[in-house]
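A closer look at the structure
The primary structure of each chain is shown beneath.
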Amino acid sequence: MSTWSVQLAVYDLSQGMARGLSAQFLGPAHAIDIIPHTGIVVYGREYFFGGGIQSEPPDLFRRNTGLHPIQIISLGTTTVTQVEFERWCATMMVSGQYSAAAYDLLSRNCNNFSHDAALQGLRLSTGVPQWILDVPSRFLSSPMGQLVRPMLQNMQLTSVEGAQPVGNAVSSATAPPAFNPWANISPPTETNVSRLLETPTLDAFSKPLLANDKSTVPLCIKKVRACLGESEQNALDRFYSLWTNGEPIDSHLSKDVCDSICTCFTADPSVLSFALMLFRIIILTANAEDILACLNWIRTNLGSIESPLHTSVAARALAWTCLANWMSKSSKESFVDELVDLAIADLPHASQPRPEVRQAASAFLFNTVLMRIQVGENLNSEISDAEVTLLCSALEGLTDEPDALVQLRRLMIAGRILKPRTAVQTSSVSLVQDLGLVEAIRAISLKSPESKMDEQCKALATDLIQIL
């Protein structure tokens, strides 16, 4: 039996100004934090009451109204089909319970509809939180409440561009709005307004992607050892013994081993992949200065068409894996931006047909984004040029990506730029909307998954649609 996840999108019609102005109008004892509007998000659409029951895709609703959720609440899953739910909605309108003319501030508002839609229409056990349902009565219980009731009632969303009436009912014309004390007040001017959203799938991707499988280390040691001189072999043997026993490795020995590995990069092409596999593990514990020679060799050869990193798919993928592990250590080397450009070139399927290379390059880019968040780059400023490039590269042609893991990692890159920590970076949200990149994400969020990886892509895309 198919199931659909159901979410409650909570908006503030006052856009952050209710607390201060309601205290002025109603007194501190009756002040309210928000003027709430809610919608039910299910089947890839957002259903709401205002001028009748209407619906449209969530991202379009938010763009057309200029509103963004202050909270997304998961209400669970339903087995009710879209046809069955919309039939219930049509019945509610035909019966007059939620027709265009039925709106009542206290007993039949948008939040009452969301509550009934959840409990009755979708047969869930959880509806709208009580504090949201209580806002009108709390507002109107104040001495000034009845005087400002027309203002509050006319703040409902009666007509939204692009929204479709559910069923055959057509929304009626609405009266001119009453005096609204929020109407002529400028919204906050911060470039990055903090919006708290529940994005559980995105939030789970908060740690670097590491290639730390050690099962191949003995084989790699054997292969690398064969192309070294006696003194280098002895150093590698000491290193391996200490590493195997979990004992500390001094920087001098670590650097000697890394220099030996760097020699193997060019000494024998058949050993290159084994040397890179070994280096990716050493990176995780070595000091930055110990591994610099190897990193410089990788950087130089990734961009050269005559390099073995260009002719060998395995070696190129392993090179990106090494760099992804390195980037997990919050590196700030001056050549990071150069590597980002090379990784972006390896990201599209059209220019890099091998999925293992795209997977490793996308891991490096994701870790780069996390590193910049960790060191606090651009968290409180406009989106940077580097972030613009990363965001557009991650999302452009996203639906053309045939590998689910690469698609997932590209969504992860975009997600961490859109929501670096707990707050959404609104300048990046606007960029994605303006460039028309939302549709690709929405297409993935609506796609029927064929594998567990597809399910992760769908869940993450759904989180990103909530942000957008």
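Here, the structure is the one placed above.
This report concerns the structure included in the present document. Values in this document were obtained by computation on a predicted structure and should not be read as measured data. (Residues numbered from 1 in each chain as written. Predicted model: local features only at pLDDT ≥ 70, side-chain atom pairs only at ≥ 80, totals over all residues. Heavy atoms only, no water.)

**Regarding the overall build of the protein**
Scanning the protein from terminus to terminus reveals 22 helices and six strands. In the protein, which comprises 468 residues, the proportion classed as buried is 51%. Once local pairs closer than 6 in sequence are excluded, the contacts in the protein between residues at least 24 apart make up 74%. When the accessible surface of the protein is summed, it comes to about 20,800 Å², and 52% of that surface belongs to carbon and sulfur atoms. (Helix = DSSP H or I, 4+ residues; strand = E, 2+ residues; numbered from the N terminus. Buried < 20%, exposed > 50% of the residue type's maximum accessible area, 1.4 Å probe, protein only. Contact = heavy atoms within 4.5 Å. Areas by Shrake-Rupley, 256 points an atom, 1.4 Å probe, with all protein chains shown as cover.)

**Some remarks on the pairing of strand E4 (residues 53–56)**
Neither face of E4 is open: one carries Ile53 and Ser55, the other Gln54 and Glu56, and all of them are buried. Remark: three residues form the turn of the hairpin made by strand E3 (residues 45–49) and E4, two consecutive strands paired antiparallel; glycine 51 in that turn has positive phi of roughly 65°. Examined bridge by bridge, E4 and strand E6 (residues 164–165) share two bridges and lie antiparallel to one another. From the neighbouring strand, serine 55 faces E6, where its bridge partner is glutamine 164. (Pairing = 2+ DSSP bridges.)

**A word on the nonpolar core**
Ranked by size, the top nonpolar core spans 92 residues in total, and within it Phe265, Phe279, Ile298, Trp320, Trp326 and Phe364 carry the most contacts. The contacts of phenylalanine 265, once residues within four sequence positions are left out, are Leu272, Ala275, Leu276, Phe279, Cys294, Trp297 and Ile298. Ile34, Tyr47, Val80 and Leu122 belong to the second-largest nonpolar core, a separate cluster that totals 30 residues. (Core = buried A, V, L, I, M, F, W, Y, C linked by side-chain atoms within 4.5 Å.)

**Quick word on helix H10 (residues 230–244)**
Its 15 residues give H10 an end-to-end C-alpha distance of 21 Å, which sits within 8% of 21 Å, the value for a rise of 1.5 Å per residue. Where H10 is concerned, the buried positions are Gln233, Ala235, Leu236 and Phe239. One side of H10 holds all its buried residues, which, seen down the axis, span an arc of 160°. In H10, the exposed positions angled more than 90 degrees off the buried face are occupied by Glu230 and Ser231. Close packing links the buried residues of H10 with helix H9 (217–225), helix H11 (251–267) and helix H12 (269–283). Glycine 246, located one to two residues past H10, shows a positive phi value of around 70°. (Expected span 1.5 Å × (residues − 1). Arc of directions from axis to C-beta.)

**Some details on the pattern of salt bridges**
Opposite charge on two side chains permits pairing when their charged atoms draw close. Enumeration over the complete set of coordinates arrives at 12 salt bridges. One salt bridge in this structure joins lysine 419 and aspartate 203, with 3.4 Å as the shortest N-O distance. With lysine 419 in the loop between helix H19 (404–418) and helix H20 (426–434) and aspartate 203 in helix H8 (residues 200–204), the pair connects residues that are 216 residues apart, well separated along the chain. In this structure, a network of salt bridges that share partners links the residues Asp59, Glu439 and Arg442. (Salt bridge = Lys/Arg side-chain N within 4 Å of Asp/Glu carboxyl O.)

**Structural notes on the sheet that holds strand E5 (residues 71–78)**
With antiparallel pairing, six strands are arranged side by side in an open sheet as E5-E1-E2-E3-E4-E6. Of all the strands in the sheet, the pair left with one neighbour each is E5 and E6. Sheet strands in contact with helix H4 (residues 110–121) are strand E1 (4–12), strand E2 (36–42), E3, E4 and E5, and its direction is about 30° off that of E2. (Axes fitted to C-alpha atoms, helices over the stretch in contact; angles between N-to-C directions.)

**Structural notes on the packing of aromatic side chains**
A complete count under the given rule lists 15 aromatic pairs for this structure. On the basis of an interplanar angle of 55° and a centroid distance of 5.0 Å, the ring pair of phenylalanine 48 and phenylalanine 61 is categorised as tilted. Residue phenylalanine 48 is found in strand E3, and its partner phenylalanine 61 is found in helix H2 (residues 58–65); the two are separated by 13 residues along the sequence. A residue is classified by how much of its surface remains accessible, and phenylalanine 61, at 0% relative accessible area, is buried. (Phe/Tyr/Trp six-rings, centres within 6.5 Å; stacked < 30°, edge-to-face > 60°.)

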